[in-house]
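Observations on the model geometry
As a plain string of letters, each chain reads:
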Amino acid sequence: MATATATPRRAIESGVPDNQPFLHPTLKRNYGNWKYHDRPRPGVLHHVSHSGEEVWSVRAGTQRQMDVHTIRKLCDIADQYAEGHVRFTIRSNIEFMVSDEGKVAPLIETLTKNGFPVGGTGNSVSMIAHTQGWLHCDIPGTDASGAVKALMDDLYEEFVKEEMPNRVHLSTSCCEINCGGQADIAVIIQHTKPPKINHDLVANVCERPAVVARCPVAAIRPALVNGKPSLEVDEKKCICCGACYPPCPPMQINDPEHSKFAIWVGGKNSNARGKPTFMKMVASGLPNNPPRWPEVSEVVKKILYTYKADARPWERLSDWVERIGWPRFFEKTGLPFTKYLIDDWRGSRSNLNASAHIRF
Ligand code: SF4
Ligand code: SF4
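These lines cover the structure that appears in this document, whether it is placed above or below. A quick note: this is a predicted structure, and the numbers were derived from the prediction, not measured.

About the criteria used
- Numbering of residues starts from 1 in every chain and runs along the sequence as written.
- A letter from A marks each chain and a number from 1 marks each ligand, given out in the order of writing.
- Since the coordinates come from a predicted model, pLDDT governs what is reported: local features require at least 70, and pairs of side-chain atoms require 80 or more to be given and counted, while whole-chain, interface and lining totals use all residues.
- Heavy atoms throughout the structure, all of them, feed into the side-chain values; hydrogens and water do not.
- For helices the rule is a DSSP run of H or I covering at least 4 residues; for strands it is a run of E covering at least 2, with both sets numbered from the N terminus onward.
- In what follows, residue pairs with any heavy atoms lying within 4.5 Å of each other are defined as contacts.
- Using a 1.4 Å probe, accessible areas were evaluated by the Shrake-Rupley method; residue-level cover was limited to the displayed protein chains.
- In summary, the charge assignment counts Lys and Arg as positive and Asp and Glu as negative, without counting His or the chain termini.
- A charge is said to be at NZ when it belongs to Lys, at CZ for Arg, at CG for Asp and at CD for Glu.
- Any two strands with at least two DSSP bridges between them are considered paired.
- Only the stretch in contact is used when a helix axis is fitted, and all axes are lines through C-alpha atoms; the angle between N-to-C directions ranges over 0 to 180 degrees.
- Any residue with a heavy atom positioned within 4 Å of a molecule or strand is treated as near that molecule or strand.
- Residue polarity follows a fixed list, in which Ala, Val, Leu, Ile, Met, Phe, Trp, Tyr, Cys and Pro are nonpolar, Asp, Glu, Lys and Arg are charged, and the others, Gly among them, are polar.

**Structural notes on the overall build of the protein chain**
Across its full length, the protein chain holds 11 helices and 14 strands. Taken along the three principal axes of its C-alpha coordinates, the protein chain extends 80 × 75 × 50 Å. Sequence separation of 24 or more characterises 62% of the internal contacts of the protein chain that already satisfy a separation of 6 or more. Of the accessible surface of the protein chain, which amounts to about 20,200 Å², a share of 53% is contributed by carbon and sulfur atoms. Across the protein chain, 44 positive and 39 negative side-chain charges occur, with their mean positions spaced 4 Å apart.

Written out as structure tokens, the structure is:
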């Protein structure tokens, strides 16, 4: 009896997987051959190929952390209306591709009926990018997705309409490492007290040299406490960044009272019209107040609606601040200005790479 020859499994290379097998057939056939695109309505992109083929991408918002039932529902909708294909944008909007114009309106109706608003294109407030939070990461000081859900509920109208001066990207991050990256407006945890050390656990859990090396301001020293090897923190030097907590959990920095929220504005990743920009902190010390974080939403809305009313057409939030200047930003938004909000680190210009261009 013949036996089947086993095919050795190919090594998995690191890096981005090839997207071709996952593309909608119309996108695959017309890859790199698009003639133009337009937006027939908020939430819908229409691409026309040189071959004459057309495709409509319908963009929708979700509640962010999705359970398996929600994902199945979205997949069922994709099977019924979008030839079984979806994709997620960089801000985690879900997009359904449709090659038949007649299916666009029923798809929008079904998505809306099921609680997935259609929007997020053009000059709207797109879905808020958020970091992993308690579900996947081991160091969050809050639930980033919860703060996002509360904020998106308030900004629903700005997602389904395109009435902002330019696109607006928002993000939240649940620790100061800020894996949420740069955004027009960002909500980021801010620790305000140095870590509390559990000296009984340090020797068993932490690689002490690694923790000492991790501190950006050299505030951590090895120490013997009650006869056991441990660590100590020079609290005058500590900037409460939380970088020591991931490699050494006994250096607990999360605190229900002293871990606050800060709001940063003016970040941008793209090179369009101006170079990428880093955010600046404009509000701090806001309470970490689940489940709806109303104080955070209030400050974000204050900034967003001042920008909407005052910016010129096509100004990104950073362009608007650049034009009016920081003193006017604080006057117009009514946010209190303190000396702690001034970015006066002179070394940043040469140390931080503030441009996406290669420099030698
Ligand atoms: S922001 Fe910090 S806590 Fe939140 S997911 Fe990223 S690294 Fe983890
Ligand atoms: S919180 Fe940051 S600055 Fe403070 S001790 Fe830890 S690593 Fe150093």
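**Concerning the sheet that holds strand 8 (residues 185–191)**
If you trace the 5 strands from one edge of the open sheet to the other, you get 6-7-8-13-14, paired in mixed fashion. Of all strands in the sheet, those with a lone pairing partner are strand 6 (129–130) and strand 14 (280–286), marking the two edges. Strand direction decides the pairing type here: strand 13 (residues 259–265) and strand 14, joined by 4 bridges, are antiparallel. The partner of I263 across the bridge, within strand 14, is A283. Along the sheet face, helix 8 (residues 294–310) touches strand 7 (170–173), strand 8, strand 13 and strand 14 and points at about 10° away from the line of strand 13.

**Looking at the sheet that holds strand 2 (residues 44–49)**
Read from one edge to the other, the open sheet built from 5 strands follows the order 1-2-3-5-4, with strand pairing classed as antiparallel. Each edge of the sheet is formed by a strand with only one pairing partner; in this case those strands are strand 1 (34–41) and strand 4 (86–88). Pairs of neighbouring strands in the sheet enclose a mean axial angle of 25°, with direction left out of account. Where strand 4 and strand 5 (residues 94–98) come together, 3 bridges link them in antiparallel fashion. Bridge pairing in strand 5 places F88 opposite I94. Relative to strand 5, helix 2 (residues 68–81) is tilted by about 15°, and along the sheet it contacts strand 4 and strand 5. Against the sheet, helix 3 (residues 104–113) contacts strand 1, strand 2, strand 3 (54–60) and strand 5, and its axis sits at roughly 10° relative to strand 3.

**Brief notes about the site of ligand 1**
Close to ligand 1 lie T131, Q132, G133, C137, I139, P140, S173, C174, C175 and C179, which account for all nearby residues. By residue class, the composition of the shell around ligand 1 is 6 nonpolar, 4 polar and no charged.

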